[in-house]
Structure formats: C-alpha cells, structure tokens
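Structure assessment
Below are the chains, spelled out letter by letter.
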Amino acid sequence: MNWDQIEGNWKEFKGKAQAQWGKLTDDEIDRVDGRRTELAGLIQQKYGKTREEAEREVDQWMSEH
C-alpha cells in the first residue's frame, strides 16, 4: 500500500493509527487528515523521537496496512 491510498482513506486508517500511537489524541489524529509529515511530526513530539525514527515508524506502519 502506498501513502496516497492511506491519505485518501484516512477515515478508515485513523483508528489504526490511534491504536498504534496511543498518545495521540482523537483531535490530533483528525488534524493529521492523512498527511504523512504531520503524523511523523506528532509522533516525534509526543514520543520524543528523532524525525528519522518517527518517519521509520510511519513507514513500518504503512507497510503493515
């Protein structure tokens, strides 16, 4: 699956994202609205990760869904 598919179907994927990154609030997940860089930025901020770590997590999550 590629990110365009996730972005286009964000309403379906946001619950999966919430399950993966439980520290993200519903409002934050809604605000991401399928934008990959926004999701990585929130993960970086909430989990204290580097940008590269957060992007790797997003890539891994995307490959699983």
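Residues numbered from 1 in each chain as written. Predicted model: local features only at pLDDT ≥ 70, side-chain atom pairs only at ≥ 80, totals over all residues. Heavy atoms only, no water.

**Side note on the nonpolar core**
This is how the line gets drawn: Among buried residues, the Ala, Val, Leu, Ile, Met, Phe, Trp, Tyr and Cys ones that are joined through side-chain atoms within 4.5 Å form a nonpolar core. Only protein chains enter the accessibility calculation, which uses a 1.4 Å probe; a residue is then buried when its area is under 20% of its type maximum, exposed when over 50%, and partly exposed in between. A helix here means a DSSP run of H or I that spans at least four residues, while a strand means a run of E at least two residues long, and both kinds are numbered starting from the N terminus.
Counting residues in each nonpolar core, the largest one holds 17 residues, and the members touching the most others are Trp-10, Trp-21, Leu-39 and Trp-61. Counting only elements with at least two residues in this core, the list comes to α1 (3–8), α2 (10–20), α3 (26–32), α4 (36–47) and α5 (51–64).

**Quick notes on α5**
Short version of the rule: Helix span is expected to be 1.5 Å times the residue number reduced by one. Think of it as the arc spanned by the lines of direction from the helix axis to the C-beta atoms. Contacts were defined at the residue level, with two residues in contact if any of their heavy atoms lie within 4.5 Å.
Its 14 residues give α5 an end-to-end C-alpha distance of 20 Å, which sits within 8% of 20 Å, the value for a rise of 1.5 Å per residue. Three or more residues of α5 are buried, namely Ala-54, Val-58, Trp-61 and Met-62. Seen end-on, α5 carries its buried residues on one side only, within an arc spanning 100°. The outward face of α5, more than 90 degrees from its buried face, is lined by the exposed residues Glu-52, Arg-56 and Ser-63. Its buried side turned inward, α5 meets α1, α2 and α4.

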